[in-house]
Amino acid sequence: MNARPPLDIRPELLAPAGHQLSNSHLDALEEETIFILREVAATFERPALLFSGGKDSLVMLKCAEKAFGKKGEGPSGGGLPYPLLMIDTGHNFPEVTDFRDQRAQELGAELIVRSVEDSMKRGTVRLAHPGESRNVHQSVTLLEAIEEFRFDALIGGARRDEEKARAKERIFSHRDSFGQWQPKAQRPELWTLFNTRLAPGEHFRVFPISNWTELDVWQYIARENVALPSLYYTHQRQVVERKGLLVPVTELTPPKAGETVVTRDVRFRTVGDITCTCPVASTAANANDIVIETLAAEVSERGATRMDDQTSEASMEKRKKDGYF
């Protein structure tokens, strides 16, 4: 059987001369996100914004900046009314964590970092073997941080187009006293009316960009000139092909016997734990280039980049029930 020819994604074919891809819908998405961010600030006593330094959390942070202003701006002093929280596996790309710190400093925001490694030292996280991905174990560290700071709402950058389990989750997602999500017990959300009642020990996960798509995110990044870590744009990297993915060659993800290491022009569609995040082949050097690539993409963001979602179709839902983001 002949291999399928590569997609022709020349801009002139996707957006003919004289026509520009509309981004007017971004105003409505931004307005909704700002409304939700302000609703959290007004409703909950101890919220926090989950911030990884990735593109979705940076878009959300840009909306938060518009909602509340930078620290020191305005008559009330401005600034985010809640801290930023990151759960660090210890295996994150340094370009991303450095950018995370820089962005928090620019905004004058409080940044709280809690590490899976600390949970391992406490014995609350135990790896099956030294090479096991720590990504799934973030749930334990996150729940420990919730208990430590008594957070009653955590704002996350998940989108419904990413994965099946995320597609059926509410914007205001109720979690019980064990941090678990019960899909069959979700509260209705009609006319942007949110039921935020909590019993002691419970909390909410709130997803202000639920209704955005990957294309929306990149159009917004292009329109607003949102700065991102360099990994999101084309660069040369050593990779090996494994199970249909391009696996980056690092100390944590070395090539296996029989695999051939090649240098490719790649970029990351999403960034996370090095042990389970893969780049895609790309020569897109800016946000507008990526908008064109995203228009032609046939595989979802997580499907094209995440090794930990290859195990089963229910892997994400199981993790969310256990307290994952």
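Just so it is clear, the structure is predicted and the values come from calculations on it, not from any experiment. (Residues numbered from 1 in each chain as written. Predicted model: local features only at pLDDT ≥ 70, side-chain atom pairs only at ≥ 80, totals over all residues. Heavy atoms only, no water.)

### Digging into the sheet that holds strand 7 (residues 235-242)
Okay, so step 1: With antiparallel pairing, the four strands of this open sheet are ordered in space as 8-7-9-10. The sheet is open, and its two edges are formed by strand 8 (245-248) and strand 10 (280-281), each paired on a single side.
Okay, so step 2: Relative to strand 8, strand 7 runs antiparallel, the two being bridged by four bridges. Across the sheet, Arg242 pairs through a bridge with Leu245, a residue of strand 8. (Pairing = 2+ DSSP bridges. Helix = DSSP H or I, 4+ residues; strand = E, 2+ residues; numbered from the N terminus.)

### Observations concerning the sheet that holds strand 4 (residues 153-155)
Okay, so step 1: Taken in spatial order, the six strands of this open sheet run 3-2-1-4-6-5, and their pairing is mixed. Each end of this open sheet is capped by a strand with a single partner; those strands are strand 3 (111-115) and strand 5 (172-175). Strand-to-strand, the axes of this sheet are offset by a mean angle of 30°, without reference to chain direction.
Okay, so step 2: The sheet contact formed by strand 4 and strand 6 (residues 203-206) spans three bridges and is parallel. Within the sheet, the bridge partner assigned to Ile155 lies in strand 6 and is Val206. (Axes fitted to C-alpha atoms, helices over the stretch in contact; angles between N-to-C directions.)

### Quick notes on a nonpolar patch on the surface
Okay, so step 1: Together, Leu190, Trp191 and Leu193 make up an exposed nonpolar region whose accessible area comes to about 410 Å².
Okay, so step 2: Within the element layout of this structure, Trp191 appears in the loop between strand 5 and strand 6.
Okay, so step 3: With a relative accessible area of 73%, Trp191 lands in the exposed category. (Patch = residues over 30% accessible without salt bridge, like charges linked within 9 Å, V, L, I, M, F, W, Y side chains within 5 Å. Areas by Shrake-Rupley, 256 points an atom, 1.4 Å probe, with all protein chains shown as cover. Salt bridge = Lys/Arg side-chain N within 4 Å of Asp/Glu carboxyl O. Buried < 20%, exposed > 50% of the residue type's maximum accessible area, 1.4 Å probe, protein only.)

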